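# A structural walkthrough
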Amino acid sequence: MDQYVIFLLLGLANGAVFAALALSLVVTYRSSGVVNFATGAVALVTAYTYAFLRQGKLLVLLPGLPQSVDVGVHGFWPAATLALGAAALLGLLLYVLIFRPLRTAPAMARAVASIGVMVILTSLMTQRVGVNPVTVGPILPTRIWTVGGVRLSSDRVWFAAVILAFAAALAAAYRFTPFGLRTRAAADNERGAYLSGIHPDRLAAVNWMISAVVAGISGILIAPIVPLAPLSYTLFIVPALAAAILGGFQRLLPAVCAGLAIGMLQSEVTYLHSRHSWLPSSGLPELVPLALILAVLVVRARPLPARGALIQRSLGRAPRPRRITLSAVMWAVAGAGVLAALHGSWRAALVTSLVFSVISLSLVVVTGYAGQISLAQLTLAGVAGFLLGPLTTSWHVPFPIAPLMAALAAAGIGVIVGLPALRVRGLPLAVVTLSLAVAVEALWFHNTDLVPANGKDIAGPTLLGLDLRAHVGTDFPRLSFSLIVLGTLVVVAVGVAKLRTSSLGSEMLAVRANERSAAGSGINVVRVKILAFGISAFVAGLGGALLAYEQSNVTFDSFTVFVGIALFAVAYLAGITSVAGGVLAGLLVSNGLIDTAIQRWLSLGNWYTTLTSVLLVFTVIRNPEGIVGPVHSLLDRWAPRRSSISASRAQLKVVRPEAASVESSSLSVRNVSVHYGGVVAVDNVSFDVRPGAIVGVIGPNGAGKTTLLDAITGFAPALGSIALGGTALDGRAPYERVRSGLARTFQHVELYDDLSVSENVAVGRARRGDRELASLLNVVDLADVANCPAGELSQGRRQLVSIARALASNPDVLLLDEPAAGLDSSESVWLGTRLRGIRDAGTTIVLVDHDMHLVLSLCDEVHVLVFGKLVASGPPHVISADADVAAAYLGETHAAQPTGAA
């Protein structure tokens, strides 16, 4: 029992580091909405700065200058003070130069920028100080304490106590000081902060300095306990992220306690491995943060708290490929010619680029198209690479079956990686995939029980008696193998391009833009996410198999987590939303063609990774579509927009109101109630909607109108029953209700701005394919803008795109949530005319809107909600004449108009 306690306490040192870094992560996120993956790197820089100052030297990171300069500082307090001052300055520079310009960017872009900063700082430190561990003298007391037979060095306990005390003081400062109050206010509502005289930018800058100092303290205090080494310190961020997630990225003390617990648990499982030989020889400590992250995120299934901002920029667009077949043939011929012309290291560099282009295209699928941040793609490639060894040497599976089987296995692992995406999205998913990559690398790639110390041998490919190996004697890489790599890249690139133009590709982009709106368009979001992870993992697996064939012996060095993060960064730099960007990313990777050319011609030494990371940060700030973005924009300007929409009118079914049976019911709402905790949003509402009618639902703000639509369409848990045409919809998912004939729009026009108008509408073709897109766009007067990006339209036309997208599923009933919001009186009349045309074409409409002129002039029947209760129902002239309704909502003007004239 004493040994278990000893190892728990031994974990206090690492746990204190995780706790301090988690504290820094929470401070940064609360003030600026950035999940700062570079926090561990900031701690690393501060620790090295302190270590050099203890030797009387100031570390200089800038290349081309001396490594250090003498400053004559040796004592702890002067060195620590100067090092923490440098950390505060670094935090301020990071915010002012990088993250302040990105304050309106998507969370993914800010995270990618922090990944770029992490790579920059880590590669800088590696180049300036090397990779050999550096030992620092003790700071905290190192007496050996003996308690009940347990011996423990006191510095670990003091370290944990210092971090706990610091966290408590910081939590009190944020809770009880005006600065803390202003920070919380600005994080919650930036617009409100400005109106209150608060400057959010200044607050964020100060908080970035505080978070950098906190990270620096952890780096300084751990340096005497764990020798300084660049890569290990950088990856401290993984357990720190787990601790921050356990604290909800909001609560300081819970995050710190979670960090301490993670360090102690990791130490304990290390001891368990020494006691039980059947446990894996490596990787158990890395499983601890992954298991905790999954337990919290998947069970809780809540996203990170959003930070209110004045403006939010959208993600970079994913351009629609043109002339796919012609482009593929041209590039294949050009690539074959270049491969034949190159020899030696130049051909090897190009083959490496082609292989990594394949892996980068997997990132285009999962991140560029589906919007799921995966930092495990190179790890998935490694799964296929390591599996290829036994497939080819032990089981003698021939080529090309072996790489396909390895890629399919990677696809299976990819689906497992994607399962958390069914419950979480955005940055938490990035944390999950990063943690999984670390765990797989430790459990498998570094595990000598599974992978020999000298790596896994791969039997070279042969086909129909042809030797296709990459190595034969000194001939490397052979042209035959190089052409196989080129052919695989061409096939994958064509497949990814075809995916972008397919209905599945449009669905992926819809999910990327807005999962709620995608489900409202009839898209099965779960299916799309799983397919995105499976397809991307298969593509990554193909790339991993090719890399294994090229190397002929697979080791963990090619598939490390840090290399995978760098690949993600390069893919984002090149353009992660397009096929061209994926191919360019392969050319840009280390040891690729461009790297080799730069090394030969410019002699950059080992600074290439640093340079590309700097370019990444600049690109994220200036152009979220990557390097290829301006090229796509130029091609769009050269290519005239075509309008392929015919002038034919829609041939739609027509259900005349007068022909419908009074007793029949197109939509039946019975005793529907929605409760949020103790709040009753909708209270026992019942009504019927007859076919061919336009029915209005009105009420004051907070009456429960939108919540009622959410309940009807399956977006809100509700009591009661919903039936369409006599078929119960209770318990069905939103996309299933859409396919049953129930469509809706949203109060905030949730279009996919990256897609054209026609693509936005085509996304909604989930129920039947009998309604032609051209005719539908004519019905809503959008034929002339069919090929325009939805983000370029006026508010009125954006409303019509939203309506057309809902109509594309050929619904029996269409629910409209404030379609006239933001329209002036003439635009509202224009909208009403088109809604009548939609009704006359055979679609029943339920309309929620605050424009009473539109509602009373358009609707056949009106229902009035007040505080979730249905207080009145009837024709417009009855509702407008009801004194109680007028007092509650309509006002004296409408009460005086018994006819409800427009």
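Definitions and limits used
- Residues numbered from 1 in each chain as written.
- Predicted model: local features only at pLDDT ≥ 70, side-chain atom pairs only at ≥ 80, totals over all residues.
- Heavy atoms only, no water.
- Helix = DSSP H or I, 4+ residues; strand = E, 2+ residues; numbered from the N terminus.
- Buried < 20%, exposed > 50% of the residue type's maximum accessible area, 1.4 Å probe, protein only.
- Contact = heavy atoms within 4.5 Å.
- Phe/Tyr/Trp six-rings, centres within 6.5 Å; stacked < 30°, edge-to-face > 60°.
- Pairing = 2+ DSSP bridges.
- Axes fitted to C-alpha atoms, helices over the stretch in contact; angles between N-to-C directions.
- Salt bridge = Lys/Arg side-chain N within 4 Å of Asp/Glu carboxyl O.

Okay, the environment of Thr352 next. When you line up the elements, Thr352 lands in helix H15 (residues 344–369). Taking the C-alpha atoms as reference points, Thr352 and Pro477, separated by 125 residues in sequence, lie 9.9 Å from one another.

With 9 of 11 residues buried, helix H20 (residues 503–513) lies mostly within the body of the structure. For H20, the elements touching its buried residues are H15, helix H19 (479–501), helix H21 (515–520), helix H22 (525–551) and helix H30 (757–763).

Tallied over the entire structure, the rule returns 16 aromatic pairs. Between the aromatic rings of Tyr50 and Phe76, the centroid separation amounts to 6.0 Å while the plane-to-plane angle is 75°, which identifies the pairing as edge-to-face. Of this pair, Tyr50 sits in helix H3 (residues 39–54) while Phe76 is found in helix H4 (residues 76–99), placing the two residues 26 residues apart along the sequence. For Tyr50, a relative accessible area of 0% gives the class buried. Ring geometry for Phe399 against Tyr549: centres 5.9 Å apart, planes inclined by 75°, an arrangement best described as edge-to-face.

Reading across the sheet, the 6 strands line up as S14-S15-S16-S11-S17-S18 and stay open at both edges, with mixed pairing between neighbours. The open sheet has two edge strands with one neighbour each: strand S14 (742–744) and strand S18 (869–874). Adjacent strand axes in the sheet meet at a mean angle of 20°, parallel and antiparallel pairs treated alike. Where strand S17 (residues 861–866) lies against S18, 5 bridges are found, and the strand directions are antiparallel. From the neighbouring strand, Val862 faces S18, where its bridge partner is Gly874.

Below, the discussion takes up the side chain of Ser482. As for its placement among the helices and strands, Ser482 is situated in helix H19. The contact partners of Ser482, leaving out residues within four places of it in the chain, are Leu339, Arg347, Val351 and Pro477.

This part takes up the pattern of salt bridges. Taken as a whole, this structure holds 17 salt bridges when the rule is applied. The partner of Asp155 in a salt bridge is Arg156, and the shortest N-O contact between them spans 3.4 Å. Just as Asp155 is buried, Arg156 falls in that class too. The shortest N-O distance in the salt bridge between Arg744 and Asp710 comes to 2.6 Å. Of this pair, Arg744 sits in strand S14 while Asp710 sits in helix H28 (residues 705–713); the two residues are 34 residues apart in sequence, bridging distant segments of the chain.

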